[in-house]
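Coordinate inspection notes
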Amino acid sequence: MTAATATPATLPAPARRLGVVAGLRHTATLAWRSLVQIKHNPMELLDLSIQPVMFVLLFTYVFGTAIAGSSGDYLRFMLPGIMVQNALFATMTTGFGLNQDLTKGVFDRLRALPIARWAPLAGRILADTVKQAWSIALLLVVGMILGFRVGNGLLGVLAAFALLLAFTLAASWISVLVGVLVNEPEKVQIFGFMVIFPLTFTSNIFVPTERMPGWLQHWVEINPVTIVADALRGLLVTGPVAGPVAQTLLWAVGLAVVFAPLAVRALRRRV
Amino acid sequence: MTYAIRAEGLVRRFGDTTALAGVDLAVPTGTVFGLLGPNGAGKTTTVRVLATLLTADEGQATVGGYDVRRDPHRVRQLIGLTGQYASVDEALTGTENLLLIGRLLGLGRAQARARAAELLADFQLSDAAGRAAKTYSGGMRRRLDLAASLVGRPQVLFLDEPTTGLDPRSRNELWDVVRTLVADGVTVLLTTQYLEEADQLASEIAVVDHGRVIAQGTPEELKAKTGGQVLTVRPADPADLPTVLAVAGEVARATPEVAQTTVTVPVSDPDVLPAVVRRLDAADVRVAELALRGASLDEVFLSLTGHRAEQDADTDAMEGSLA
């Protein structure tokens, strides 16, 4: 019991405030904390990887010919969309992890430390963005192995990455809000299933809008998932770019403006 | 005398429930101060206010001389907190948990690593250092949790029910750690439901009930106030109950209580035990159980408040969900 001992003879007076640089350093450390877990639990990485890869394979070879005539054509149509779906599902990890921290007391421990107030949340979001980038890249690589070809070169790919990450960053505020409001982590996943499943399937990511019943088409056309998927198709394959990209960004801004304050307020209220 | 912790008139409400109804505390630097009370008494809420996790609706408090509301960042640099639940990241190893805290506190990579190794060795966790915390036993988790709150060498340590759910051996180990810390000058605010724990560690105890400090003093003072010990007698034949009641009341000079066939009475003089034995023997009463034991928290409560330390399920659940 020598090391646990305290109080050096002279202590500098503690600082009154924290700088932004210190806050960014705390954020990076807390992001490390979320990512280093993968090292001990490689299953988490498989979790992030298997579902999207399985979806790509299943849809390409089971439905591809029926929907688009050939699996190659279908892959070109579907891969950008499945990236959107996968990214939306992945936003749920943010709320899930946050809820775990809240229920297990880790969040309290962090808040009692002299660190930036926003660092615990920012660290988690940063780590989840890295995970997002990983699964988007994985989907693209798997798609290319199966015969997907990009239409606008590296620039198109980078723009698609940036756009999808921006959109998921905004959408993850919904996940944060849910993570703060529910009392156990599993409920975040239930929410994800109940909302994201119907939301993504009633878009044009798997089936072209014109092949759906008329009443559904109206919804599919305004579904933000359709808009983001169209933007990614434009950037990665071919088709209109400016319109869908602009609308996607508008949606991102809208989601962030609505849900970020709600989530932050709920978090303040809970802790 | 300097005070590491001072609180005046802390009030905190949660909706219609008043968790703190005006708590005053003064904890001298370098001592262990025990906050004793049942679930829902306001112990955790008090700690959360002092540790800057919660703001009080009324009243003020300073830790290490800094106001918890106006200077929370300074307070956080002085304190360590070990909550009711071992709040370690279960997916991380012991080393990584401590590295995380060290890095967040601004230690360099090598420094944080050295500090982690040092603390893990101190808490007999070196062998488990590379294992995920979810594989740890309850006692190991508590030790890791405590180690995590010591990474920054805090001057003031909050221990919120640190031994709840621990086996006696782990509990004794934790008590030793607390004693060592205090010998090194750390101030400890300890909350507990167990009189024995407060008795073992604290130089001063405040008894809290319904969000108020209802009694305060050294363990000896409190025990003296409450009679200190309890005599329990259970006659083998329930027909002897009236005789036992009469004898117990007369010898202890207090009103005994009866629960089923067991008679209990608070006593302040240990010499009553032989007297009771002689009297019962003379009256030809055969005894199934006869004991003199320290007053439990329940009895301290009964004598201080006039009511049993009821488990206030609602307040407890609320405190739990907010914790």
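How each quantity is defined
- Residues numbered from 1 in each chain as written.
- Chains lettered and ligands numbered in written order.
- Predicted model: local features only at pLDDT ≥ 70, side-chain atom pairs only at ≥ 80, totals over all residues.
- Heavy atoms only, no water.
- Helix = DSSP H or I, 4+ residues; strand = E, 2+ residues; numbered from the N terminus.
- Buried < 20%, exposed > 50% of the residue type's maximum accessible area, 1.4 Å probe, protein only.
- Contact = heavy atoms within 4.5 Å.
- Areas by Shrake-Rupley, 256 points an atom, 1.4 Å probe, with all protein chains shown as cover.
- Buried area = accessible area lost by both parts, 1.4 Å probe.
- Salt bridge = Lys/Arg side-chain N within 4 Å of Asp/Glu carboxyl O.
- Polar contact = N/O pair within 3.5 Å; in protein donor to acceptor, adjacent residues only side chain to side chain.
- Nonpolar A, V, L, I, M, F, W, Y, C, P; charged D, E, K, R; others polar.
- Pairing = 2+ DSSP bridges.
- Axes fitted to C-alpha atoms, helices over the stretch in contact; angles between N-to-C directions.

This paragraph deals with the overall build of chain A. Per the secondary structure count, chain A includes 10 helices and zero strands. Each helix (α) and strand (β) of chain A, taken in turn from the N terminus, gives the series α-α-α-α-α-α-α-α-α-α. In terms of principal-axis extent, the alpha carbons of chain A reach across some 80 × 35 × 35 Å. Relative to its 271 residues, chain A shows a buried fraction of 52%. For chain A, the proportion of contacts with a sequence separation of at least 24, taken over those separated by at least 6, is 78%. Carbon and sulfur atoms provide 71% of the accessible area of chain A, an area that totals close to 12,500 Å².

Moving on to the interface of chain A and chain B. Across the boundary between the two partners, chain A contributes 39 residues, which contact 51 residues of chain B. Summing the contributions of chain A and of chain B, the shared interface buries around 3,900 Å²; its carbon and sulfur component is 58%. Where chain A packs against chain B, one counts six salt bridges. Of the charged contacts, one joins Asp 108 of chain A and Arg 48 of chain B as a salt bridge, the two residues approaching to 2.5 Å between their closest N and O atoms. On the surface where chain A and chain B come into contact, there are 13 residue pairs in polar contact (both at pLDDT 80 or more). Mapped by element, the contributors of at least two residues to the side of chain A that touches chain B are α1 (20–40), α3 (71–104) and α4 (106–111) of chain A. Considering only residue class, the side of chain A that touches chain B consists of 20 nonpolar, eight polar and 11 charged.

This paragraph deals with the sheet that holds strand β8 (residues 187–192) of chain B. Residue and element names in this part refer to chain B. If you walk across this open sheet you meet the six strands as β6-β7-β8-β3-β9-β10, and the pairing is mixed. Each end of this open sheet is capped by a strand with a single partner; those strands are β6 (79–82) and β10 (212–217). Averaged over all pairs of adjacent strands, the angle between their axes in this sheet comes to 15°, without regard to strand direction. The sheet contact formed by strand β3 (residues 32–36) and strand β9 (residues 204–209) spans four bridges and is parallel. Bridge assignment links Leu 36 to a residue of β9, and that residue is Val 207. Across the sheet, helix α1 (residues 43–50) lies against β3, β6, β7 (156–160), β8 and β9, angled at about 150° from β8, the strand it touches most. Together, β6 and β7 form the strand contacts of helix α5 (residues 138–150), whose direction differs from that of β6 by roughly 165°.

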